[in-house]
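Structural characterization, general
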Amino acid sequence: MKTLIGNWKMNLGVRESVALARGVIYAIRGKKFVPEIVICPSFTALSEVRKVIARSSVSLGAQTMSSEDKGAYTGEISARQLQELSVSHVIIGHSERRANQCETDAVVRAKTKKALESGFIPVICIGEEKEAREAGNELAVVQEQITNALKGISLGHEQTLLFAYEPLWAIGSGNPATSQQVVEMHAHIRAVAQELLEGRETQIKVLYGGSVNPENVYGFLREQEVDGILVGGASIKLSQMREVISQAMDVVESYSTK
Ligand code: PGA
């Protein structure tokens, strides 16, 4: 099943989030070939959005989470607090947090470990900077990010781990990676992760993110190597999100008849 994650970032208030979540529900109502959809509102809207999606197939994700259980961590949100709100997915190590909140690979690893222990599906973001791609170092950079993130981590039978390949130069730039670049990197990510997670390869999914929009989403999703997409900008405008969902449904349908 293809996965579609909407990362709403720090953009919407509670009422806007509820309206957008309703729009997502309407877009899939009564449809047969629906992708797995995860929406990630701001923390302040999780509680209300949860009510909107309660009886639907749409899941709730958090944009980050603390690796600590509780205590003197001003401004942080714990796994327990997210569990109370029926959150199922947690985005970890988004490049904006790596850049703005100093989230190092060690932090990403600690959060991944905590997310898995707490029953969440981690969505680990990885991706190279423009300079690394220009120097031909993208595979090595991503390999190091994955290796550091998964050090000492093993997946249980029932656990799933998602990687979101998000090259920094493609995020919010209107300049997405090409399908060829994405397919090559996804195969690499899978190979690296397989080695580290020994025998758990079917429990890994690899998503692409970075300037995904209604025009290019079909092209990415129809690739076998692309298990799903992580959408930022296009996920906060209902008209665009509906079109992204519609394209994703077409891909799911085409796969079901293969
Ligand atoms: P974008 O963001 O779709 O606006 O490029 C993607 C992301 O940051 O996850």
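Note on numbering: residues in each chain are counted from 1, in written sequence order. Reporting of local features is limited, given that this is a predicted model, to residues whose pLDDT is at least 70; pairs of side-chain atoms are given and counted only at 80 or more, and all residues count toward the totals for whole chains, interfaces and linings. Only heavy atoms go into the side-chain values, all of them from the structure, while hydrogens and water stay out.

1. What to know about the site of the ligand
Neighbouring residues are identified by heavy atoms, a residue being near a molecule or strand if any of them is within 4 Å of it. If you check the shell around the ligand, you find 13 residues, and the closest are K9, H94, E166, G172 and S211. Between K9 and the ligand, the recorded distance is 2.6 Å, taken from a side-chain N or O atom to an oxygen atom. Its residues placed into classes, the shell around the ligand shows four nonpolar, seven polar and two charged. Here a polar contact is taken to be a pair of N or O atoms separated by no more than 3.5 Å, where protein atoms must pair a possible hydrogen donor with a possible acceptor and residues adjacent in sequence count only if both atoms sit in side chains. Nonpolar residues are Ala, Val, Leu, Ile, Met, Phe, Trp, Tyr, Cys and Pro. Charged residues are Asp, Glu, Lys and Arg, and all others, Gly as well, are polar.

2. Quick notes on the pairing of strand β1 (residues 3–7)
For every residue, the accessible area (1.4 Å probe, protein chains only) is compared with the maximum for its type, and the residue is labelled buried under 20%, exposed over 50%, or partly exposed between those bounds. Elements are defined by DSSP. Helices are runs of H or I of four residues or more, strands are runs of E of two residues or more, and each kind is numbered from the N terminus. With five of its five residues buried, β1 lies for the most part within the structure. Side chains of β1 alternate between two faces, with T3, I5 and N7 and L4 and G6 buried alike. Think of it this way: DSSP has to see at least two bridges between two strands before they count as a pair. Bridging between β1 and strand β2 (residues 36–40) involves five bridges; their strand directions are parallel. In the sheet register, L4 faces β2, and the bridge partner there is I37. The sheet contact formed by β1 and strand β8 (residues 228–231) spans four bridges and is parallel. Following the sheet pairing, G6 is matched in β8 by V231.

3. Some remarks on helix α10 (residues 238–256)
In this scheme, a helix's expected span is set at 1.5 Å multiplied by one less than its residue total. Over its 19 residues, α10 runs 26 Å from end to end, which matches the ideal 27 Å to within 8%, given 1.5 Å per residue. Among all positions of α10, only M241, V244, I245, Q247, A248, M249, V251 and V252 are buried. Contacts are residue-level and defined by heavy atoms, with any inter-residue pair within 4.5 Å sufficient. Those residues of α10 hidden inside the fold are in contact with β1, α1 (14–28), β2, α9 (217–221) and β8.

4. Some words on the pattern of salt bridges
Salt bridges, as used here, are contacts in which a Lys or Arg side-chain nitrogen is within 4 Å of a carboxyl oxygen on Asp or Glu. What the rule picks out here adds up to 14 salt bridges. Salt-bridge contacts for E36 lead to K205; the nearest nitrogen and oxygen are separated by 3.5 Å. With a gap of 169 residues between them, E36 in strand β2 and K205 in strand β7 (residues 204–209) connect regions that are remote in the sequence. Look at the salt bridges and you will find they share partners, linking D69, K113, K114 and E117 into a network.

5. So, the side chain of S42
Its location among the elements puts S42 in the loop between β2 and α2 (43–53). Within the structure, S42 has its side chain in polar contact with the backbone oxygen of K9 (distance 3.2 Å). Excluding residues that lie within four positions of it along the chain, S42 makes contacts with K9, M10, L12 and Q63.

6. A short note on the packing of aromatic side chains
Pairing of aromatic side chains requires ring centres within 6.5 Å, counting the rings of Phe and Tyr and the six-membered ring of Trp. Pairs whose planes differ by under 30 degrees are stacked, by over 60 edge-to-face, and all others tilted. The final tally for this structure, using the stated rule, is two aromatic pairs. Geometrically, the ring pair formed by Y165 and Y208 is tilted, given 6.3 Å between the ring centres and 55° between the ring planes. Taken together, the positions of Y165 in strand β6 (residues 161–165) and Y208 in strand β7 put the pair 43 residues apart, joining distant regions of the chain. Classification of Y208 as buried rests on a relative accessible area of 0%. Between Y208 and F220, the ring centres sit 4.6 Å apart and the planes meet at 35°, which makes this aromatic pair tilted. Within this pair, whereas Y208 is found in strand β7, its partner F220 is found in helix α9, the two being separated by 12 residues in sequence. For F220, a relative accessible area of 3% corresponds to the buried category.

7. Considerations on the sheet that holds strand β5 (residues 121–126)
Here we have eight strands rolled up into a closed barrel, ordered β1-β2-β3-β4-β5-β6-β7-β8, and parallel in their pairing. Put simply, the sheet's adjacent strands are angled 25° from each other on average, direction ignored. The pairing of β5 with β6 spans four bridges and is classified as parallel. Bridged to I126 within β6 is Y165. Here an angle of 0 to 180 degrees is reported between the N-to-C directions of two axes, which are lines fitted to C-alpha atoms, with helices fitted over the stretch in contact.

8. Brief notes about the pairing of β7
Within β7, six of the six residues are buried, which leaves the element mostly enclosed by the surrounding structure. As paired elements, β6 and β7 share five bridges and run parallel to each other. For F163, the partnering residue across the bridge sits in β7 and is V206. Taken together, β6, helix α8 (residues 179–197) and β7 constitute a β-α-β crossover, and its handedness is right-handed. Strand direction decides the pairing type here: β7 and β8, joined by three bridges, are parallel. Note on β8: the bridge partner recorded for L207 is G228. For crossovers, right-handed means that the path from the first strand over the helix to the second runs clockwise, given strands pointing away from the viewer.

9. Focus: the packing of α1 against α10
Running from N to C, α1 and α10 cross one another at 30°; their axes reach a closest spacing of 10 Å. Between α1 and α10, the crossing angle belongs to the class labelled roughly parallel. Taken as a pair, α1 and α10 cross one another with a handedness that is right-handed. The segment α1 lies against α10, with L20, G23, V24, Y26, A27 and I28 engaging L238, M241, R242, I245 and M249. Roughly parallel refers to an angle under 35 degrees, roughly antiparallel to one over 145, roughly perpendicular to one between 65 and 115, and oblique to any angle outside these ranges. Left-handed describes a crossing in which the near helix is turned anticlockwise from the far one by less than a right angle; the clockwise case is right-handed.

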